[in-house]
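Remarks on the overall topology
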Amino acid sequence: MDMAQELCEETSQICTEELFLRADIEREIFGQRDDYVRRIENELGVTILSRNGAILVSGGKKGVRQAVLTLNQLAGLAKRGTGIEEQNVNYVLEMKKEAEENPDLLPALDSEVICHTTSGKPIKPKTIGQEKYIKAIRDNLIIFANGPAGTGKTFLAMAMAITAFQNKEVERIILTRPAIEAGEKLGFLPGDLQSKVDPYLRPLYDALYQIMGAEKFQANMEKGLIEVAPLAYMRGRTLDNAYIILDEAQNTTPEQMKMFLTRFGFGSHAVITGDATQKDLAKGTVSGLDVATRVLSRKNIEGISFVTLDSRDVVRHPVVQKIVKAYEDYEKQQSRFDHQRREYRKS
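The next subject is the packing of aromatic side chains. Here a ring pair, both rings aromatic, is described through the centre-centre distance and the interplanar angle of the planes. Enumeration over the complete set of coordinates arrives at 4 aromatic pairs. An angle of 25° between the planes, with centres 6.4 Å apart, marks the rings of Tyr205 and Tyr209 as stacked. Of the two residues, Tyr205 and Tyr209 are both situated in helix 9 (residues 193-212); the distance of 4 residues between them amounts to about one turn of the helix. Summarising the aromatic geometry, the rings of Tyr205 and Phe217 are spaced 5.6 Å apart at their centres and angled 70° between planes, so their arrangement reads as edge-to-face. Remark: Phe217 occurs in helix 10 (residues 214-222) and Tyr205 occurs in helix 9; sequence separation between them is 12 residues. By the burial criterion, Tyr205 is buried, and Phe217 matches it.

Dropping the structure here:
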C-alpha cells in the first residue's frame, strides 16, 4: 500500500515527505532519464529523489503536498497497467486544484475504455473535458463540440461511432465535412470526383484506418455501410439509423448547417465538431457553427448538448498545447482591448 510519511513540523517552511512505491511503478512515473520528475520539480519548486526504496520529496509545504499528490495520481494510473506519458504528467500538473479535490482524478479517467485500435491500443478519455464530451455523446442525440486542434473531438466521436456500429446500435456511419481549402487556393485537382474530394476528407480516413483497419473500412464502404462525403452531398437526404459526424463545422455557412441538421432522422446520432478560432470561410461570411450555437443553446432543446474543450484538453505534443494556450491568451487580450475601445468610443 502506498504511504507518505511527513517528516516536517507543521510550522516549518521546508519539509520532506517520503513516498513508498513498487520499483516498477517508480520507474514508470520517473520516466526516461527522470524526465517526468524533472518536469514536476520545475513546475512545483521541489526536489524529488529515490533513496533506498523510498521517494523523497522536499521543498515548500504546498509544493511538496502537490508533488506527492501528482506522484500518487501517476502511480494510480501505472498500477492499472497504463504506460505513463508526458501528456499525463502535464495534465495532472495543469489540474492541480481539481486533483486536490479528487485524488483519483487520473485513474478514474483511465477506467473508461471506448474501444481499441487495430494495434490493440485502448481509446479512452484522457482529460475531464474529454470525459464530459463522451458522456454528452452517450446521453444526447445531437452534440456540438467546439475546441482547439488536438483535443480529440473528431477521433473520440469516430471511436463512439464505430463502437455503436459494431454493437449494431446503428446501421451505418456517415462522415462529412465542408470541402473548403485552409486559407489557400488549391486550383484544379486531377482525377474523378472521389479523387477531387479525398484531400478534404483525408483526416477522417486516417482515423477510420487507425480504429477499424483499412480492410474492414474498405469492405464496409463498398457495402455502403460507411460513407465519407462532402457536406454538399447531404442535401435532399433523410439520414435514419445512422451515426453522423460533421467535422470542421466552423467552415459551414448558416444555410449549410441548417441543411445538415434537418437531415437528422429516426434512430440516428449526430456529432458536430469544430474550432471556432480556425475559420477558412471567405471574409465577412458568418460561420454556421456560431449561428447554430447561438440559436439552439438558448432553447435548451432536449437531446441537444454543447461541449467546449480548451487548451487543457489538448492531447497532442506538449508544444501544441502551449501554442493553443498562447493563442487563447492572445485572443482574450484582444477581446478585452476591443471591448475597451468600443466603450471609449461610446463615451
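Two elements in contact, helix 2 (residues 35-44) and helix 3 (residues 61-79), have axes separated by 10 Å at closest approach and are oriented at 150°. Looking at the two axes, helix 2 sits roughly antiparallel to helix 3. As for the relative orientation of helix 2 and helix 3, their crossing is right-handed in sense. Between helix 2 and helix 3, the contacting residues are Val37, Ile40 and Leu44 on the first element and Gly63, Gln66, Ala67, Thr70, Leu71 and Leu74 on the second.

The next thing to look at is the side chain of Thr127. Take Thr127: it is sitting in the loop between strand 6 (122-123) and helix 7 (128-139). Note on Thr127: relative accessible area 0%, which makes it buried. Non-local contacts of Thr127, meaning those with residues more than four positions away in its chain, are made with Gln87, Tyr91, Leu109, Arg312, Asp313 and Val315.

Parameters and conventions
- Residues numbered from 1 in each chain as written.
- Predicted model: local features only at pLDDT ≥ 70, side-chain atom pairs only at ≥ 80, totals over all residues.
- Heavy atoms only, no water.
- Phe/Tyr/Trp six-rings, centres within 6.5 Å; stacked < 30°, edge-to-face > 60°.
- Helix = DSSP H or I, 4+ residues; strand = E, 2+ residues; numbered from the N terminus.
- Buried < 20%, exposed > 50% of the residue type's maximum accessible area, 1.4 Å probe, protein only.
- Axes fitted to C-alpha atoms, helices over the stretch in contact; angles between N-to-C directions.
- Parallel < 35°, antiparallel > 145°, perpendicular 65-115°, else oblique.
- Left-handed = near helix turned anticlockwise from the far one by under 90°.
- Contact = heavy atoms within 4.5 Å.

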